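Structure at a glance
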Amino acid sequence: TNLGMTAIARGFNAAPTSVGQTFDFNRFRSEGFNFGLIISGKNNDADRFDTFILQDSYIRTYTDVAAVSNPVNVANGEKAWVLNNTLLGDGNGDHAVYMIAVRDVRVDKNVIDNYANSAIKLITASFGVGAVCPVSNTDYKQWTVSNNTILRSWLSAAIYTYCAVELPAFNMIENIII
């Protein structure tokens, strides 16, 4: 069950430019993979995608104990919205929504169930040993996590900023956490 399988992936180093690209998944369904969607701009500074939207979708992931598994894994973008979805784990995967270096984030009206780490993890660019900070840290807008139902996850949300990033607003509003 831990084969690193992904339903849809875009944006690894060999990919063409991502500037201006939009990824819109409406009524997407994925079941049985370690990852539902992995969408990434080419880098954090000058080559970021414009928009990622996942709405009215169902993604169920499976993996081994303590292995990585995410229904939604998004990086290096201007805007990412995850709206009105059902994101289900098997109790082993780490995050239902994992976003790295996305400037404007909205996670709203989702049902997120059964993740062994944080249900939602949002981080700015660069972390860990050998990380390089981006040229500009002042272009982040806001991150909003609202109206979600989060069930059976060890932590509802993990929010981190690195490299002296200026995040004007983080809003966590009207979530049900059980």
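Description of the structure in this document. (Residues numbered from 1 in each chain as written. Predicted model: local features only at pLDDT ≥ 70, side-chain atom pairs only at ≥ 80, totals over all residues. Heavy atoms only, no water.)

Moving on to the packing of aromatic side chains. Summed over all chains, the structure comprises five aromatic pairs. Pairing Phe23 with Phe49 gives two aromatic rings, centres 5.9 Å apart and planes at 85 degrees, and the pair type is edge-to-face. One end of the pair, Phe23, is in strand E2 (residues 22-26); the other, Phe49, is in strand E5 (residues 49-55), and 26 residues separate them in sequence. On the basis of relative accessible area, Phe23 is assigned to the buried category, the value being 13%. (Phe/Tyr/Trp six-rings, centres within 6.5 Å; stacked < 30°, edge-to-face > 60°. Helix = DSSP H or I, 4+ residues; strand = E, 2+ residues; numbered from the N terminus. Buried < 20%, exposed > 50% of the residue type's maximum accessible area, 1.4 Å probe, protein only.)

Looking now at the side chain of Asn85. The topology assignment puts Asn85 in the loop between strand E7 (70-83) and strand E8 (86-88). Polar contacts involving the side chain of Asn85 include one to the main-chain carbonyl oxygen of Leu54, which spans 3.0 Å. If we ignore the near neighbours within four places in the chain, the residues touching Asn85 are Leu54, Gln55, Asp56, Ser57, Lys109, Asn110 and Val111. (Polar contact = N/O pair within 3.5 Å; in protein donor to acceptor, adjacent residues only side chain to side chain. Contact = heavy atoms within 4.5 Å.)

A contiguous nonpolar patch, built from Phe170, Met172 and Ile177 and spanning about 260 Å² of accessible area, is present on the exposed surface. Inspection of the secondary structure puts Ile177 in strand E16 (residues 176-177). The exposure class of Ile177 is partly exposed, given its relative accessible area of 48%. (Patch = residues over 30% accessible without salt bridge, like charges linked within 9 Å, V, L, I, M, F, W, Y side chains within 5 Å. Areas by Shrake-Rupley, 256 points an atom, 1.4 Å probe, with all protein chains shown as cover. Salt bridge = Lys/Arg side-chain N within 4 Å of Asp/Glu carboxyl O.)

Our next topic: the pattern of salt bridges. Here the structure, examined in full by the defined rule, presents seven salt bridges. With a shortest N-O distance of 3.9 Å, Glu78 and Lys141 are connected by a salt bridge. In this pair, Glu78 sits in strand E7 while Lys141 sits in the loop between strand E11 (118-123) and strand E12 (142-146), placing the two residues 63 residues apart along the sequence. A residue is classified by how much of its surface remains accessible, and Lys141, at 43% relative accessible area, is partly exposed. Put simply, Arg106 and Asp108 hold a salt bridge, and the shortest N to O gap is 3.3 Å. Using a relative accessible area of 31% as the deciding quantity, one classes Arg106 as partly exposed.

This next bit is on unusual backbone geometry. Even without being a glycine, Asn84 presents a positive backbone phi close to 60 degrees. The topology assignment puts Asn84 in the loop between E7 and E8.

Within strand E9 (residues 97-108), eleven of the twelve residues are buried, which leaves it mostly tucked inside the rest of the structure. Pairing between E7 and E9: ten bridges, direction parallel. Directly across from Trp81, in E9, lies its bridge partner Arg106. As paired strands, E9 and E11 are joined by four bridges and run parallel to one another. Bridge pairing in E11 links Val97 to Ile120. With five bridges joining them, E9 and E12 adopt parallel strand pairing. Bridged to Asp108 within E12 is Ser146. (Pairing = 2+ DSSP bridges.)

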